2 protein chains.
Amino acid sequence: MKDRPVILITNDDSINAPGIRALVEAVRELGQVVVVAPDSPQSGMGHAITIGDPLRLDKVDVFDGIDSWQCSGTPADCVKLARDKVLHRKPDICLSGINHGANHSINVIYSGTMSAAMEAAIEGIPSIGISLLDFKFEADFEVSANVAYELTKRMLAGPMPDHMLLNVNVPIVRPADFKGMKICRQAYAKWAEEFDHRVDPRGKDYYWMTGKFMNMDKNPGSDVEALKAGYASIVPITIDFTNMRMKEWMEKEWKDFV
Amino acid sequence: MKDRPVILITNDDSINAPGIRALVEAVRELGQVVVVAPDSPQSGMGHAITIGDPLRLDKVDVFDGIDSWQCSGTPADCVKLARDKVLHRKPDICLSGINHGANHSINVIYSGTMSAAMEAAIEGIPSIGISLLDFKFEADFEVSANVAYELTKRMLAGPMPDHMLLNVNVPIVRPADFKGMKICRQAYAKWAEEFDHRVDPRGKDYYWMTGKFMNMDKNPGSDVEALKAGYASIVPITIDFTNMRMKEWMEKEWKDFV
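Residues numbered from 1 in each chain as written. Chains lettered and ligands numbered in written order. Predicted model: local features only at pLDDT ≥ 70, side-chain atom pairs only at ≥ 80, totals over all residues.

(A) Fine view of the overall build of chain A. Helix and strand content of chain A: six helices and 11 strands. Expected size for 258 residues packed as a compact globule is a radius of gyration near 18 Å; at 19 Å, chain A falls within 12% of this value. Counting only C-alpha atoms, chain A reaches 60 × 55 × 45 Å along its principal axes. The buried share of chain A, taken over its 258 residues, is 52%. Within chain A, contacts between residues at least 6 apart in sequence are counted, and of these 77% link residues at least 24 apart. (Helix = DSSP H or I, 4+ residues; strand = E, 2+ residues; numbered from the N terminus. Rg over C-alpha atoms; globule rule 2.2 N^0.38 Å. Buried ≥ 20, exposed ≤ 12 C-beta atoms within 10 Å, placed from the backbone. Contact = placed C-beta atoms within 7 Å.)

Okay, here's the thing in structure tokens:
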């Protein structure tokens, strides 16, 4: 049993979501799995961390034979607490998901699933965020669980560059129709928000956020394109947000200014 | 008065923070300023958006002669609502800040200030997030207000590449000691978290997140280096998070796999 890699698993749909259970079952044979996940859904939390409130961390018995903890904080909090208070070391890999719903293209910045994976990558822990395009509770995780298994096995076999961080999305397909995995770049897309304006019983306005996803990316090689064609998309994500092209432009065009 | 540029101002410390007031006063002569900002502090919210709760948006009278609205949501929500329900158009520029506290290096991903600016940039609105390294309520915003004024004026004068998004940090210096602005890259740094473990009156464990900032970046040209030398750092930020170098590595090394 010794020298088995430590696999930290978290998510943003909460420890009780079917997606995290599918992930635990998919990879448990690859190492020593430890789960530290939110005690309630955290979707749309972006890379939030909890600094003004105390955090709770409680041992729970959710997965048969797997050390599991639920946390009152965000997905990023879970990774931080797991390292410091549960594992007392870096895990060999961190997996976040399987998310009920897409996190391709620009959604990486709104995604709690990806924020956990990114937090791990900043720490130097190789990391995968994995999402299924089906947001339903009773979604079929068979294909996405296989993808998670294959990728985790490959990454653990090494070698890997530093700060390896993958954003993986899996289309809604039957296993027989699945085309395989594809390495992609992030599509340029955005949400065209619309707000549903309502009036409460006391006569005060309020708004529900709705929105339509718009893929503005017509060039080949994007994650949205791969998903449409029936592939799982794999986008390596950076933790250096410097826009180098913009920097070069500014160094030239703003020379008189800075 | 016509053809004056529309300047949307928001922040994450709330509409009542001295930092946003300093920003409004600094740039109000450059255009038509409209403020849509959170009604309560949102620090550490990352790029959170509010999808499961209704949002409130109320007109308030906080700044003399400036159209102002407070919103129950996150900084990213404020930008979305401002565009759709207040301005009914894109502003010419979006300014977020002046934040009470640093948002250099890796902090861009935890920062509510930067999430508002990033949300605007995704929409195609030129945008600046501006932060002062002093987190105190009574911080002196003189130098940072000047920086905000100069940068806003320069950006409005154009031309600009698409999706221009700047992360600006200003050191704690007296005006006489200020060295000027410097175009930088994001430093490689992280937070070494420590959790302060306590036991509540009912005997249950809880944790406060604390942490020590660690700059691991010894190479020249980073924002942390510029700030230490007394400059304001300007880092252009990307909205494409694809790690292109990692993508090339994977395309070569994982050829047998995907």
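Alright, that's what it looks like, and here's the rest.
(B) Representation of the confidence of the model for chain A within the structure. Averaged over chain A, the pLDDT score is 94; the fraction of residues at 70 or greater is 99%. Across the assembled chains, the prediction reports ipTM 0.93 with pTM 0.94. (pLDDT = per-residue confidence, 0-100.)

(C) Spatial organisation of helix H2 (residues 75-87) of chain B. Residues and elements named next belong to chain B. The largest bend along H2 reaches roughly 40 degrees and is located at Leu81. Among the 13 residues of H2, 10 are classified as buried, and the element is accordingly described as predominantly covered. Taken together, the buried positions of H2 are occupied by Pro75, Ala76, Asp77, Cys78, Val79, Lys80, Leu81, Ala82, Arg83 and Val86. Once H2 finishes, His88 follows within two positions and takes phi at roughly 55 degrees, a positive value. (Bend = angle between axes of the 7 residues up to and from the residue.)

(D) Fine view of the sheet that holds strand E7 (residues 165-170) of chain A. Residues and elements named next belong to chain A. In space, the nine strands of this open sheet follow the order E3-E4-E2-E1-E5-E6-E7-E11-E8, with mixed pairing throughout. Edge positions in the sheet fall to strand E3 (57-60) and strand E8 (181-183), since each of these pairs with one other strand and no more. Here the strands of the sheet are splayed against their neighbours by 20 degrees on average, with no regard to which way each runs. In terms of strand pairing, strand E6 (residues 127-132) meets E7 through six bridges, oriented parallel. Bridging from a neighbouring strand, Leu132 pairs with Val170 of E7. The sheet strands contacting helix H4 (residues 142-157) are strand E5 (93-100), E6, E7, E8 and strand E11 (232-236), and the helix crosses E5 at an angle near 165 degrees. (Pairing = 2+ DSSP bridges. Axes fitted to C-alpha atoms, helices over the stretch in contact; angles between N-to-C directions.)

(E) Local environment of the pairing of strand E11 (residues 232-236) of chain B. Residues and elements named next belong to chain B. Counted residue by residue, E11 has five buried out of five residues, so it is predominantly covered. By the alternation rule, side chains of E11 split into Ala232, Ile234 and Pro236 and Ser233 and Val235, which are all buried. In this sheet, E11 lies alongside strand E7 (residues 165-170) in antiparallel orientation, the contact comprising four bridges. Looking across to E11, one finds that Leu166 is bridged to Pro236. In the sheet, strand E8 (residues 181-183) pairs with E11 via three bridges, with the strands oriented parallel. The residue bridging Lys182 from the neighbouring strand is Ser233, located in E11.

(F) Summary view of the packing of helix H2 (residues 75-87) of chain A against helix H3 (residues 112-122) of chain A. Residue and element names in this part refer to chain A. Running from N to C, H2 and H3 cross one another at 30 degrees; their axes reach a closest spacing of 7 Å. In this view, H2 runs roughly parallel relative to H3, as classed from their interaxial angle. Remark: the crossing between H2 and H3 carries right-handed chirality. Listed contacts from H3 to Pro75, Ala76, Cys78, Val79 and Lys80 of H2 are Gly112, Thr113, Ser115, Ala116, Glu119 and Ala120. (Parallel < 35°, antiparallel > 145°, perpendicular 65-115°, else oblique. Left-handed = near helix turned anticlockwise from the far one by under 90°.)

(G) Spotlight on the packing of helix H1 (residues 18-27) of chain B against helix H4 (residues 142-157) of chain B. All names here are of chain B. Between H1 and H4, the least distance of the axes is 9 Å, while the angle of their chain directions is 45 degrees. When the axes of H1 and H4 are compared, the pair comes out oblique. Considering how the two elements wind past one another, H1 and H4 form a crossing that is right-handed. Along the contact surface, H1 presents Ala22, Leu23, Ala26 and Val27, while H4 presents Ala145, Ala148, Tyr149 and Thr152.

(H) Structural view of the relation of the copies chain B and chain A. At an RMSD of 0.0 Å, chain B and chain A line up after a rotation of 180 degrees and a shift of 0.0 Å along the axis. Given the turn and translation reported, the copies of this chain are related as if by a two-fold rotation axis. The fraction of interface residues of chain B whose copies in chain A are also interface residues reaches 98%, indicating that both copies meet through the same surface. (Least-squares fit on C-alpha atoms with pLDDT ≥ 70 in both.)

(I) Structural context of the interface of chain B and chain A. Residue-level contacts link 59 residues of chain B with 58 residues of chain A. The set of elements that each furnish at least two residues to the side of chain B that touches chain A consists of H2, helix H3 (112-122), E8, strand E9 (189-199), strand E10 (205-215), E11 and helix H6 (244-253) of chain B. Of the residues belonging to the side of chain B that touches chain A, the class tally is 33 nonpolar, 11 polar and 15 charged. (Nonpolar A, V, L, I, M, F, W, Y, C, P; charged D, E, K, R; others polar.)

(J) Representation of the sheet that holds strand E2 (residues 32-38) of chain B. Residues and elements named next belong to chain B. The nine strands are arranged E3-E4-E2-E1-E5-E6-E7-E11-E8 in an open sheet whose pairing can be described as mixed. Only two strands of the sheet have a single partner each, and these edge strands are strand E3 (57-60) and E8. Ignoring which end each strand starts from, the neighbouring axes of this sheet average 20 degrees apart. Where strand E1 (residues 6-10) lies against strand E5 (residues 93-100), four bridges are found, and the strand directions are parallel. Its bridge partner being in E5, Ile7 is matched across the sheet by Ile93. On top of the sheet, H1 reaches E1, E2, E5 and strand E6 (127-132); it is set at about 140 degrees to E5, its chief contact. Across the sheet, H4 lies against E5, E6, E7, E8 and E11, angled at about 165 degrees from E5, the strand it touches most.

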